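Spelled out, the chains give:
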Amino acid sequence: MDGYGYNKDLPKSLNKTIKDVWIFHGNIAADDAQGGGEGIWEELKPGHGKGFSSSAGKNMLTERFGVELSFAVKLKSLYPNEKIAIIKYSRGGTSIDSLAAADFGSWEPDYSGKTGINQYDHFLATVRNAMAIKDIDGNGREDILVPSGIIWMQGESDAIIDEAVANRYYANLKRLMDLIRAAFRTDDLPVVVGKISDSWNNNQGKVWKYGELVQYAQERFVRKDANAAIVKSTRYYKYSDPYHYDSNGYIDLGEKFAEAVFSLEKETSILIE
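Quantities reported herein were computed from a predicted structural model and do not represent experimental measurements. (Residues numbered from 1 in each chain as written. Predicted model: local features only at pLDDT ≥ 70, side-chain atom pairs only at ≥ 80, totals over all residues. Heavy atoms only, no water.)

Chemist: Account for the packing of helix α4 (residues 169–183) against helix α5 (residues 211–224), naming residues and giving values.
Modeler: Contact geometry of α4 with α5 gives a least axis separation of 8 Å together with a crossing angle of 45°. Taken together, α4 and α5 sit at an angle that is classed as oblique. Handedness of the crossing formed by α4 with α5: right-handed. The segment α4 lies against α5, with Y169, Y170, L173, K174 and M177 engaging V214, A217, Q218, R220, F221 and K224. Of the residues belonging to the contact of α4 with α5, the class tally is seven nonpolar, one polar and three charged. (Axes fitted to C-alpha atoms, helices over the stretch in contact; angles between N-to-C directions. Helix = DSSP H or I, 4+ residues; strand = E, 2+ residues; numbered from the N terminus. Parallel < 35°, antiparallel > 145°, perpendicular 65-115°, else oblique. Left-handed = near helix turned anticlockwise from the far one by under 90°. Contact = heavy atoms within 4.5 Å. Nonpolar A, V, L, I, M, F, W, Y, C, P; charged D, E, K, R; others polar.)

Chemist: Summarise the environment of Y89; cite the residues concerned and give the values.
Modeler: Looking at where Y89 falls in the secondary structure, it is placed in the loop between β7 (84–88) and α2 (119–132). Setting aside anything within four residues of it in sequence, one finds Y89 in contact with G26, N27, I28, A29, G37, W107, Q119, H122, F123 and T126. From its side chain, Y89 meets the backbone nitrogen of A29 in a polar contact 3.3 Å long. Of the polar contacts made by the side chain of Y89, one reaches the side chain of Q119; its length is 2.7 Å. (Polar contact = N/O pair within 3.5 Å; in protein donor to acceptor, adjacent residues only side chain to side chain.)

Chemist: Which residues make up the sheet that holds strand β9 (residues 191–194), and what values do they have?
Modeler: Spatial strand order, β8-β9-β10: three strands in an open sheet with parallel pairing. Edge strands, defined here as strands with exactly one partner in the open sheet, are β8 (150–152) and β10 (228–231). Going from strand to strand, the sheet's axes swing by 20° on average, the running direction of each strand aside. Pairing analysis gives four bridges linking β9 to β10, with the strands arranged parallel. Looking at β10, one finds that V192 is bridged to A229. Across the sheet, α4 is in contact with β8 and β9; its angle to β8 comes to roughly 150°. With respect to the sheet, α5 is in contact with β9 and β10, its orientation differing from that of β10 by roughly 145°. (Pairing = 2+ DSSP bridges.)

Right under this line is the structure:
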């Protein structure tokens, strides 16, 4: 979810400031560290990928991008009369299960390390800080943020340590998505999961030894949750290294996330009406 696409690979339609789209990208921090979730609202532009940071009221953009650009542009085409606000928090290599965290961190809600602070807490801080700002576009009028969906691209690190961790992924994912929905006070908030894939760029073959178990858990989650969907196009993407998609993969993934969120939103609206 960090984003390993290169800005230099972006088409002109994405390599610019995206009108009427704002992003609050929470500062990335390690488990047990302070400062996670700090940030500001800013118009969306390239640079919210690997290496991004935010502190002292300033975003430090990088040469990389994630799914946010194509996601936003596709959403604007589907909701042409709406302004869009994106809240992003991610840290590369993180797991949900704390036993798979290694040096990257985990999202386990019950984490109790040195300070008890982990990626889940940094995410909650990001949401609190983002929602606390009442005028995100600076036009002098209060903005009302309406939660519309969650996009989740993660699971690889839960597929590499051992079989037991991978087998816990369904329960871990379900609980975490329930808690993230609760953070936005919307129990049926649409969730779109990106299905993990494998580059097979490893001397032993697969990079993610227990990847099929996590894939099964992701599929199970969306089958059992009426307000969830899964993006499967990841299996066709090319890679820039053994672990990350190339620039075209990130562009397509963002578009597919937007289409899935839109589809779930339409279904929810029909049910309400």
